[in-house]
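Structure assessment
Residue strings, one per chain:
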Amino acid sequence: MNNLKVALLQLLPETNLCDNLNKGLEYCRKAKDMGADIALFPEMWSIGYDIPENVDELKARALSADSEFVSSFGKLAKELNMAIGITFLEKYDPLPRNTLCLFDRFGNKILTYAKVHTCDFDVECNLTPGDDFFVADLNTLQGNVKVGAMICYDREFPESARILMLKGAEIILVPNACPMEINRISQLRARAYENMVGIATVNYPIGHPNCNGHSTAFDGMAYRPSEKGSRDTRIIEAGEREGIYIADFPIQEMREYRSREIHGNAYRRPQKYKLLISEHVEEPFIRENSRYGERG
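My aim in this report is to walk through the structure given alongside it, one point at a time. (Residues numbered from 1 in each chain as written. Predicted model: local features only at pLDDT ≥ 70, side-chain atom pairs only at ≥ 80, totals over all residues. Heavy atoms only, no water.)

For the rest of this paragraph, the subject is unusual backbone geometry. Negative phi is the rule for most residues except glycine; trans is the rule for most peptide bonds. Looking along the chain, the bond that leaves D93 and enters P94 is cis, with omega of 10 degrees. With respect to the helices and strands, P94 occurs in the loop between β3 (83–90) and β4 (97–103). That bond from E283 to P284 is cis: its omega, 15 degrees, falls within 30 degrees of zero. With respect to the helices, strands and loops of the structure, P284 is situated in the loop between β13 (280–281) and β14 (294–295). Positive phi outside glycine occurs at Y49, with the angle close to 50 degrees. Within the secondary structure, Y49 sits in the loop between β2 (38–40) and α2 (55–61). (Helix = DSSP H or I, 4+ residues; strand = E, 2+ residues; numbered from the N terminus.)

Counting across every chain of the model gives one cavity of 30 Å³ or more. The calculated volume of the largest cavity comes to roughly 40 Å³. Counted by class, the lining of the largest cavity contains two nonpolar, no polar and three charged residues. (1 Å grid on protein atoms, 1.4 Å probe; cavity = no way out; pocket = protein on both sides within 12 Å on 5 of 7 lines; lining within 4 Å. Points joined across faces, edges and corners; volume = space filled by probe spheres on them. Nonpolar A, V, L, I, M, F, W, Y, C, P; charged D, E, K, R; others polar.)

The subject of this paragraph is the packing of helix α1 (residues 17–33) against helix α3 (residues 68–80). Close contact between α1 and α3 brings their axes to 11 Å; oriented N to C, the two are set at 15 degrees. Taken together, α1 and α3 sit at an angle that is classed as roughly parallel. With respect to the hand of their crossing, α1 and α3 are arranged in right-handed fashion. In this structure, α1 uses L17, N20, L21, G24, L25, C28, R29 and K32 to contact α3, whose residues at the interface are F69, S72, F73, L76, E79 and L80. (Axes fitted to C-alpha atoms, helices over the stretch in contact; angles between N-to-C directions. Parallel < 35°, antiparallel > 145°, perpendicular 65-115°, else oblique. Left-handed = near helix turned anticlockwise from the far one by under 90°. Contact = heavy atoms within 4.5 Å.)

Okay, the sheet that holds strand β8 (residues 171–175) next. One open sheet holds the six strands; their spatial order is β6-β7-β8-β9-β10-β11, and the pairing between them is mixed. Both outer strands of the open sheet, β6 (135–140) and β11 (234–237), are each paired with one neighbouring strand and no more. For this sheet the average axis-to-axis angle between neighbouring strands, irrespective of direction, equals 20 degrees. Relative to strand β9 (residues 198–202), β8 runs parallel, the two sharing five bridges. Across the sheet, residue I171 finds its bridge partner in β9, namely G198. With respect to the sheet, helix α5 (residues 182–195) is in contact with β9, β10 (216–218) and β11, its orientation differing from that of β10 by roughly 25 degrees. (Pairing = 2+ DSSP bridges.)

Close contact between helix α4 (residues 158–166) and α5 brings their axes to 10 Å; oriented N to C, the two are set at 35 degrees. Note on packing geometry: the crossing formed by α4 with α5 is right-handed. Along the contact surface, α4 presents P158, A161, R162 and M165, while α5 presents R191, E194 and N195. The class makeup of the residues in the contact of α4 with α5 is three nonpolar, one polar and three charged.

Further remarks concern the layout of surface pockets. Size it by volume and the largest pocket reaches roughly 1600 Å³. Those elements giving two or more residues to the lining of the largest pocket turn out to be α4, α5 and β13. Broken down by element, the residue count for the lining of the largest pocket peaks at six residues, all from α4. What the second largest pocket holds in volume is close to 610 Å³. In terms of lining, the second largest pocket is formed by 33 residues, of which the most central are Y49, D50, I51, A177 and H208. The residue inventory of the lining of the second largest pocket, partitioned by class, reads 16 nonpolar, seven polar and ten charged.

Listed below in structure tokens is the structure:
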């Protein structure tokens, strides 16, 4: 496997589920015409990340993972011979989840991931957080690749990408819905660098409230033997406009880099990290709306 092309679908949502379905299917076809191996949607595409504050309305807008909306992308993935990562508000008990389903090119659902780090300081306080991070073997026309996922705010916790790396991820897919500025983009660059993984992030374009495009991809390779010093790991950074942006990952080169460089799991000392799994929280980090931790 030499290269893997991920289509970042930086799209404005429509005003209803049916139109989001039709627009999503249309742009997946366009991504295939552009040579994509994977098409990836921004966060919660089914409702355009328009999360109702009313819990009853929230539940009413949620979809099951085998709904017609979700399964339509599975059928299209098989038709196009291309993987599709579709995002949606998932019907779940007791409250909906913020979910990504990845279909392979045969139309099989190989990964379902629900956002672990929900934004409990905002409207996502009414969502059920996911309970784990997952990695799947994805068969593409170019060959097999190990793919994981995290969603938006997950990016701000180094543990998210680290666990995915430890589970074997080579590429991490990141649906997003927030302003992508220098610090958030720097977080993604760091997650790719420190774990020696590729990271593909897709955001909503300008025109969607609180979003500004700037979808990005990083290959995680800080050095090349043929080049002096460190290099920019950024493959692509989109502008603010709606469009399809292709991130072309040099997978074979990334694998060779991972086999010799010092990051990732090469020299870690897990026995020294026990404090990381403590649930005790002290000031100044105590928050009244946090669901996590024993407060000091």
